[in-house]
Amino acid sequence: MLRYWHVDAFAAKPFDGNPAIVVELVEELPDALLHAIAKEMNQSETAYALPPIATAGSAALPMLRRFTSEGEIDLCGHATLASAHAYLTQIDPSKTKVTFDTKFSGRLDVSTKGREGGDGGNATLSTDLPKCFQ
């Protein structure tokens, strides 16, 4: 069973902004299955948040992967912000900042302002997305 959220990024009310699906994974799944789930969700992007994984010499960070109906993508701003919203309000509401590790775009920091605790409210999320890719 997968736990997931339909999040409208860049929106102050439901059914506005840019929708994305955010799926919480407890373990890595095969790419073909992630792609099939994204196709089934039928949104422009489906993001997958994996639990923090420690690697040699670095802190444990949650992994973020993003897929479209065509396959995995390098970067998606609204799916990243939607993932941060789900992470900070549902997965770990004790935090006000999350740093995701990603397969293609490195570490992405997202922080929230205007929220005390995990109620979501009218928080503003901010991030510094990478400027370019090679």
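Everything below is about the structure printed above this text.
This section reports on the structure supplied with the text. (Residues numbered from 1 in each chain as written. Predicted model: local features only at pLDDT ≥ 70, side-chain atom pairs only at ≥ 80, totals over all residues. Heavy atoms only, no water.)

## A look at the pattern of salt bridges
With the rule as written, the count across this model stands at six salt bridges. E24 is the partner of R3 in a salt bridge, and the nearest nitrogen-oxygen pair spans 2.7 Å. Here E24 lies in strand 2 (residues 18–24) and R3 lies in strand 1 (residues 3–9), a separation of 21 residues in the sequence. Taking the relative accessible area as the measure of exposure, R3 reaches 42% and is therefore partly exposed. For E24, a relative accessible area of 21% gives the class partly exposed. The salt bridge partner of K103 is E72, with a shortest N-O separation of 3.4 Å. Within this pair, whereas K103 is found in the loop between strand 6 (97–102) and strand 7 (107–113), its partner E72 is found in strand 5 (residues 71–73), the two being separated by 31 residues in sequence. With a relative accessible area of 46%, K103 lands in the partly exposed category. Residue classification places E72 among the partly exposed residues on the basis of a relative accessible area of 21%. Each of E28, D31, R65, E72 and K103 takes part in salt bridges that share partners, so that together they form one network. (Salt bridge = Lys/Arg side-chain N within 4 Å of Asp/Glu carboxyl O. Helix = DSSP H or I, 4+ residues; strand = E, 2+ residues; numbered from the N terminus. Buried < 20%, exposed > 50% of the residue type's maximum accessible area, 1.4 Å probe, protein only.)

## Observations concerning the pairing of strand 4 (residues 58–68)
In summary, the side chains of a regular strand alternate between the two faces of the sheet. Here seven bridges tie strand 3 (residues 46–55) to strand 4, and the two strands are oriented antiparallel to one another. Across the sheet, residue T55 finds its bridge partner in strand 4, namely S58. The hairpin formed by strand 3 and strand 4 contains two residues between the paired strands, and G57 there has a positive phi angle of roughly 80°. The pairing of strand 4 with strand 6 spans two bridges and is parallel. Residue pairing for strand 6: M63 is matched across the bridge by D101. For strand 4 and strand 5, the ladder comprises three bridges, and the chain directions are antiparallel. When the bridges of strand 5 are listed, R66 appears paired with I73. If you look at the hairpin formed by strand 4 and strand 5, you'll find two residues sitting between the two strands. (Pairing = 2+ DSSP bridges.)

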